[in-house]
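Structure assessment
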Amino acid sequence: MAKSRSVLILCGDYMEDYEVMVPFQALQAFGVSVHTVCPGKKAGDSCPTAVHDFCGHQTYSESRGHNFTLNATFDEVDLSKYDGLVIPGGRAPEYLALTPSVVELVKEFSSSGKPIASICHGQLILAAADTVNGQKCTAYATVGPALIAAGAKWVEPVTPDVCVVDGSLITAATYGGHPEFIQLFVKALGGQITGANKRILFLCGDYMEDYEIKVPFQSLQALGCQVDAVCPEKKAGDRCPTAIHDFEGDQTYSEKPGHTFALTSNFDGLGSSSYDALVIPGGRAPEYLALNEHVLNIVKDFMNSEKPVASICHGQQILAAAGVLKGRKCTAYPAVKLNVVLGGGTWLEPDPIHRCFTDGNLVTGAAWPGHPEFVSQLMALLGIKVSF
């Protein structure tokens, strides 16, 4: 039996929101065990994250992101148990690069020859650890001078999705490069992806949940799928604002502005026949998308043709409005239970909140903590496998 893979993610306060969560959940969906640590913190503690976005200004904007919960303790890390290291960007690397225990950890990992994948500002830590001397690498453009001073063979990030491989070192410029970045890392871990020649459609809307669009979207791209995102009354290149829904001790989730999400295809003229599966993110978008007859017809087409449909959180409001839940077992965010029951579905309690369920061609999840199960169950329906 092939050995499973274990990966360590080096976290810090105000790391970039996408740059920690997308690889964290994508790798778990692909069958990799992932531990997240931060110096001075232990398992169960959280790190605030930063939303870095590109809104037409001379540099990126920043706002507060989700709170990221660590699942391991930094002081208990045994590097011999890990097959790879991931370093997210954001502002965290600025201070982590000055933390001796972090620098020593990266040095030890580099000397072992195991894969290191670092993105955006994460390469500041590589420079501090003297692991880029003579190595080809890229990063967010403003990190270039530090890498050059550290002896790196600098590769200019001419586009935001640039990735560079030199031996066991994988570097990327921004989260726009996640699909290639994650795919290269999986291959460096010895992974093989099969069955990914699929076309998948995402039904988007304004104020869909930030993680619930980006994580499955880029996870499926990392597998090699052709993934399209559409929104009514919008075309390819237009953007949808997203909402960050988080759990911060209140009786319901909080909301903050998220990243903006760029659509890849036109909604007008859309046909389901050219796609193998449909994904419906949650957030607030489903409330109004459920009133759009064209949206409902698309959902009905996928369900009637028995193609895989994966819907998460409030996305099930659209399924209920389309009348496709009758006789189906289904979960959703608990507040959507009424929609599911009134729509004729059999309610499955999401306990714990990351539980996801498959009923025939339908995958449903309760909230973004369930993304690893959600993506993995959709992969199973599509016949996509990652083996090590």
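As the structure is a computational prediction, the values presented were derived from the model and not from experiment. (Residues numbered from 1 in each chain as written. Predicted model: local features only at pLDDT ≥ 70, side-chain atom pairs only at ≥ 80, totals over all residues. Heavy atoms only, no water.)

1. Remarks on the sheet that holds strand S4 (residues 46–53)
So the rule is basically this: Strand pairing is assigned whenever DSSP identifies at least 2 bridges connecting the two strands. For the purposes of this entry, the term helix denotes a DSSP run of H or I that reaches at least four residues, the term strand denotes a run of E that reaches at least two, and both are numbered from the N terminus.
With respect to topology, three strands assemble into an open sheet ordered S2-S4-S5, the strand pairing being mixed. Each edge of the open sheet carries a strand with a single partner, namely strand S2 (15–16) and strand S5 (61–69). Bridge count between S2 and S4: two bridges; the pairing is parallel. Each residue of the ladder has a partner; that of Glu-16, found in S4, is Ala-50.

2. Looking at the pattern of salt bridges
Rules: Any carboxyl oxygen of Asp or Glu that lies within 4 Å of a side-chain nitrogen of Lys or Arg is treated as forming a salt bridge with it. For each residue, the accessible area found with a 1.4 Å probe, counting protein chains only, is set against the maximum for its type, and the residue is called buried under 20%, exposed over 50%, and partly exposed in between.
Tallied over the full model, the rule gives eight salt bridges. The partner of Lys-256 in a salt bridge is Glu-248, with the nearest N and O atoms 3.5 Å apart. The class for Lys-256 is buried, based on a relative accessible area of 16%. Judged by relative accessible area, which is 38%, Glu-248 ranks as partly exposed.

3. Describing the sheet that holds strand S6 (residues 84–87)
Which entries qualify depends on this criterion: Working convention: axes come from line fits to C-alpha atoms, limited for helices to the stretch in contact. Angles between N-to-C directions cover 0 to 180 degrees.
Read across the sheet, six strands follow the order S3-S1-S6-S7-S11-S10 without closing on themselves; strand pairing throughout is mixed. This sheet does not close on itself; its edge strands, each paired only once, are strand S3 (33–37) and strand S10 (163–166). In this sheet, adjacent strand axes meet at a mean angle of 15° when their direction is disregarded. By the bridge criterion, three bridges tie S6 to strand S7 (residues 116–119) in an arrangement that is parallel. Pairing of Leu-85 across the sheet is with Ile-116, part of S7.

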